[in-house]
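An overview of the molecular structure
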Number of protein chains: 2
Amino acid sequence: MENPFDDIYFMKKALQEAEAAFDKGEVPVGAVIVIDNKIIARAHNLTELLNDVTAHAEMQAITAASNYLGGKYLLKCTLYVTLEPCQMCAGALHWSQISKIVYGARDEERGCMNLGTKLHPKTEMVGGVLAEESSQLLKRFFIERRNLN
Amino acid sequence: MENPFDDIYFMKKALQEAEAAFDKGEVPVGAVIVIDNKIIARAHNLTELLNDVTAHAEMQAITAASNYLGGKYLLKCTLYVTLEPCQMCAGALHWSQISKIVYGARDEERGCMNLGTKLHPKTEMVGGVLAEESSQLLKRFFIERRNLN
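Residues numbered from 1 in each chain as written. Chains lettered and ligands numbered in written order. Predicted model: local features only at pLDDT ≥ 70, side-chain atom pairs only at ≥ 80, totals over all residues. Heavy atoms only, no water.

The name given to chain A in an unreviewed UniProt entry is tRNA-specific adenosine deaminase, and the organism recorded there is Geojedonia litorea. Per its UniProt entry, chain A bears the Subunit (unreviewed entry) comment "Homodimer." What the UniProt record of chain A gives under Sequence similarities (unreviewed entry) is the line "Belongs to the cytidine and deoxycytidylate deaminase family. ADAT2 subfamily." (UniProt positions renumbered as here; feature names shortened; annotations may be inferred.)

Have a look at this one:
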């Protein structure tokens, strides 16, 4: 039998969060954190609404997952995020010792890979899951915003 | 007349925050954010109490200062922090476009400088202000913790 809980399944949930951000006028990035095929945190970017540069989807998801687990280390957890994490979020993920990061679209300019942010040695990172969908949502957001100005 | 509001003055306030962290059993790092010689945010590390790796002094101070200013950009602000910021905090400070970062002690292993975290081009960073006091407080914390175990 096919396992319904694959990377595509969870990235779709992260994309739903990104769409929720879009609807609020936020740069559409969403994230979920999963342990044993169970979603323990969902979040989307809220930097505009909260007037707070630290309110990226990943940061809120880390806080929520830690709260759920009652501990600050996200061992055995996987983060699904629609866009490659930035330096701040990758730095937070380093501290969390999270087991795995799965991202959608690459962020060539502000993503952690090109900027060389150090991840924890325990952390595996893979990308490109539903990258096109994530990327299209971001493009649509910036086109609509440009047309509003 | 001497200006009482110099880097030493504000770093002493950040050190008071670090001491508050120490008293709670937290790694003693403290921070304040200043605009026009006025402190608009004070914070200390609370990662243990909150079970949250994102609860570094700088992150909380950024959120508090943004809240005070009603905007997410910390233009014309200076952060005083007793320890060189990590990748996460430096990444957050990049997003905030803060004008100046003044730190106390260097963090050779986990600090943003050796790890090459990119700061915003608008941001000036200087270090070494009350470095010995900050460093001694951290050393005392780790010695006491080792003796407890």
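Let's pick the thread back up.
Focus: the relation of the copies chain B and chain A
Least-squares fitting of chain B to chain A yields an RMSD of 0.0 Å, with the transformation described by 0.0 Å of translation along the axis and a rotation of 180°. Such a turn and shift between the copies fits a two-fold axis. Within chain B, the C-alpha atom positioned nearest to the axis of rotation is that of M88(B), 2.0 Å from it. Taken as a fraction of all interface residues of chain B, those also at the interface in chain A reach 100%, which identifies the copy contact as same-surface. (Least-squares fit on C-alpha atoms with pLDDT ≥ 70 in both. Contact = heavy atoms within 4.5 Å.)

Some thoughts on the sheet that holds strand β2 (residues 38-44) of chain A
Residues and elements named next belong to chain A. Spatially, five strands are ordered β2-β1-β3-β4-β5 in an open sheet, and the strand pairing comes out mixed. Each end of this open sheet is capped by a strand with a single partner; those strands are β2 and β5 (124-126). Across the sheet, the mean angle from the axis of one strand to that of its neighbour is 15°, orientation sign disregarded. Bridge count between strand β1 (residues 30-35) and β2: six bridges; the pairing is antiparallel. For V34, the partnering residue across the bridge sits in β2 and is I39. (Pairing = 2+ DSSP bridges. Helix = DSSP H or I, 4+ residues; strand = E, 2+ residues; numbered from the N terminus. Axes fitted to C-alpha atoms, helices over the stretch in contact; angles between N-to-C directions.)

Some words on the sheet that holds strand β3 (residues 77-83) of chain B
Residues and elements named next belong to chain B. Taken together, the five strands give an open sheet; going across it, the order is β2-β1-β3-β4-β5, and neighbouring strands pair in mixed fashion. Looking at the sheet topology across the chains shown, the edges are occupied by β2 (38-44) and β5 (124-126). Across this sheet, the average inter-strand angle for adjacent strands is 15°, counted without regard to direction. Those strands touched by helix α2 (residues 57-69) are β1 (30-35), β2 and β3, and its axis lies near 145° from that of β2.

With respect to the pairing of strand β4 (residues 100-105) of chain A
For a regular strand, side-chain orientation follows a simple rule: the groups alternate between the two sheet faces. All names here are of chain A. For β4, the buried fraction is high: five of the six residues fall into the buried class. Bridging between strand β3 (residues 77-83) and β4 involves five bridges; their strand directions are parallel. Looking at the pairing, Y80 lines up with V102 of β4. Crossover connection from β3 via helix α3 (residues 87-96) to parallel β4: handedness right-handed. Note: β4 against β5, three bridges, orientation parallel. Considered in β5, the bridge of V102 is made with V126. (Buried < 20%, exposed > 50% of the residue type's maximum accessible area, 1.4 Å probe, protein only. Right-handed = clockwise from strand over helix to strand, strands pointing away.)

Here we look at the UniProt feature "domain: CMP/dCMP-type deaminase" (unreviewed entry) in chain A
Sites flagged by UniProt as "domain: CMP/dCMP-type deaminase" (unreviewed entry) map to residues 5-114 of chain A. Annotated as residues 5-114 of chain A, this span is 39% helix and 24% strand, and its ends, taken at the C-alpha atoms, are 30 Å apart.

Looking at the side chain of H56(A)
As for its position among the elements, H56(A) is in the loop between β2 and α2 (57-69). Here H56(A) falls in the buried class, since its relative accessible area comes to 14%. Non-local contacts of H56(A), meaning those with residues more than four positions away in its chain, are made with N45(A), T47(A), C86(A), M88(A), C89(A) and W95(B).

Here we look at the confidence of the model for chain A
When pLDDT is averaged along chain A, the result is 96; 99% of the residues meet or exceed 70. Two summary scores accompany this predicted model of the complex, namely pTM at 0.96 and ipTM at 0.95. (pLDDT = per-residue confidence, 0-100.)

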